[in-house]
Amino acid sequence: MQPEQIDRALVDFDVLEGWMDGRGLPGGPFEDVRPLAGGTQNTLIRFRRGGRDYVLRRGPGHLRARTNDVLRREARMLAALDGTDVPAPRLIAACPDESVMGGAVFYLMTPVDGFNASVTLPETHAKHTREMGLNAARALSALGAVDHEVVGLGDFGKPDGFLERQVGRWMSELDSYGALDGYPGPDIPGLDDVARWLEERRPRVWRPGILHGDYHLANLMYSYDGPEVAAIVDWEMCTIGDPLLDLGWLLATWPDRDDESAALAGPLGEAGGLPSTGELVATYAERADAVAGRDLSSITWYAVLACFKLGIVLEGTHARAFAGKAPKETGDLLHSITLGLFRRAQGFIAS
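Here we summarise the structure given alongside this text. Computed from a predicted model, the values in this text were never measured in an experiment. (Residues numbered from 1 in each chain as written. Predicted model: local features only at pLDDT ≥ 70, side-chain atom pairs only at ≥ 80, totals over all residues. Heavy atoms only, no water.)

Examining the overall build of the protein chain
Secondary structure assignment for the protein chain yields eleven helices and ten strands. Whereas a compact globule of 351 residues would reach a radius of gyration of roughly 20 Å, the protein chain reaches 21 Å, a difference of no more than 12%. The principal-axis extent of the C-alpha atoms belonging to the protein chain is close to 60 × 50 × 45 Å. By the burial criterion, 53% of the 351 residues in the protein chain qualify as buried. (Helix = DSSP H or I, 4+ residues; strand = E, 2+ residues; numbered from the N terminus. Rg over C-alpha atoms; globule rule 2.2 N^0.38 Å. Buried < 20%, exposed > 50% of the residue type's maximum accessible area, 1.4 Å probe, protein only.)

Written out as structure tokens, the structure is:
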């Protein structure tokens with residue numbers, strides 16, 4: 001694909017050329033230009049220039065109110081992770097000035113040589129699903145081991161009161177869906193019981209760190225050469241909070257063939273052979289610097305919170321479907337996953 005085949009409203013390659021030249025990046029024509037599919041609505045364009053490969057990331061054509069701020073935060077996070085052993089794309093250069101590219105913040109990062117196992121599972125990996133699952137926990141423990149202050153993220157989030165805010169914050173989000181025309185309100189069995197349990201059992205002591213915010217198998221890229229995680233992707237929800245919530249999120253979304261959750265993991269979830277949730281926790285705990293000052297005995301609480309939070313997030317699309325702002329079939333599917341997440345939360349509580 002040639003640069004002129006990309007919508008100039010998304011990426012103006014003449015502007016990009018001048019911007020890259022001004023930063024001393026290798027010059028020359030843009031080659032091997034192609035859009036990449038991703039798990040978000042943001043735009044990803046891969047290209048080669050001056051013998052180097054890049055991926056450009058920017059918001060969608062119609063920018064949302066917070067898109068540029070989110071992209072600035074992502075770029076800062078990826079820059080901070082450079083020099084750590086966290087598998088993630090490396091930032092090459094960022095343009096936080098939205099006036100350069102038609103109102104859109106953008107950044108350049110290294111391409112990831114890997115595949116998304118929630119989309120496809122190569123035959124060569126079908127017998128390695130257990131190790132792929134354990135490596136999801138190992139990649140997360142590498143993130144949990146990063147001292148956010150040392151890497152320059154001391155002012156990145158608002159960790160004070162992070163756990164205390166969660167239940168009220170997401171119940172308020174659920175209440176806000178009532179403003180959508182036609183939405184009859186949430187029909188989620190166990191909602192109040194789960195919220196009450198979370199408030200009563202909230203951990204009193206925890207250590208802040210980097211939180212990916214949406215850590216599940218669909219946001220991992222695996223190496224073509226083996227079962228290792230090549231990169232954690234989609235950092236839109238990153239902040240400074242309690243990293244054990246990421247581990248809880250992984251448990252909350254872990255594929256179970258008897259539950260709607262398998263729909264979130266695609267071929268890897270369907271293949272079987274994955275480790276148990278207990279094995280994930282044990283593998284995460286192998287890295288001492290990730291668990292120092294963190295109470296893994298409370299991991300059930302984090303898994304329940306993840307079910308609660310993600311279920312409410314997905315219910316938002318169900319509500320928008322009633323108002324004609326999302327396809328009905330999508331809203332119905334996500335509502336079924338929400339119900340499954342709350343059943344899973346109650347199962348965690350009962351176990």
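What follows continues from the structure just given.
Side note on the state of the cysteines
The tally for this structure, following the rule as stated, stands at zero disulfides. Summary of cysteine pairing: Cys238 is not part of a disulfide, and the nearest cysteine sulfur, belonging to Cys95, is at 19 Å. On the accessibility criterion, Cys238 (3% relative accessible area) is buried. (Disulfide = S-S within 2.5 Å.)

A look at helix α2 (residues 67-81)
If you check α2, its first and last C-alpha atoms are 21 Å apart, about what 15 residues at 1.5 Å a residue would give, namely 21 Å. Here the buried face of α2 lies against β3 (52-58), β4 (91-95), β5 (106-109), α3 (129-144) and β7 (209-211). Just downstream of α2, Gly83 is the residue with a positive phi angle, here 95°. (Expected span 1.5 Å × (residues − 1). Contact = heavy atoms within 4.5 Å.)

Things to note about the nonpolar core
By size, the foremost hydrophobic cluster in this structure holds 89 residues, and its most contacted members are Leu198, Tyr222, Trp235 and Phe308. For this core, the element with the highest residue contribution is helix α10 (residues 299-322), accounting for 13 residues. The next biggest cluster of nonpolar side chains, apart from the first, holds 20 residues, and it includes Ile6, Trp19, Met20 and Leu108. (Core = buried A, V, L, I, M, F, W, Y, C linked by side-chain atoms within 4.5 Å.)

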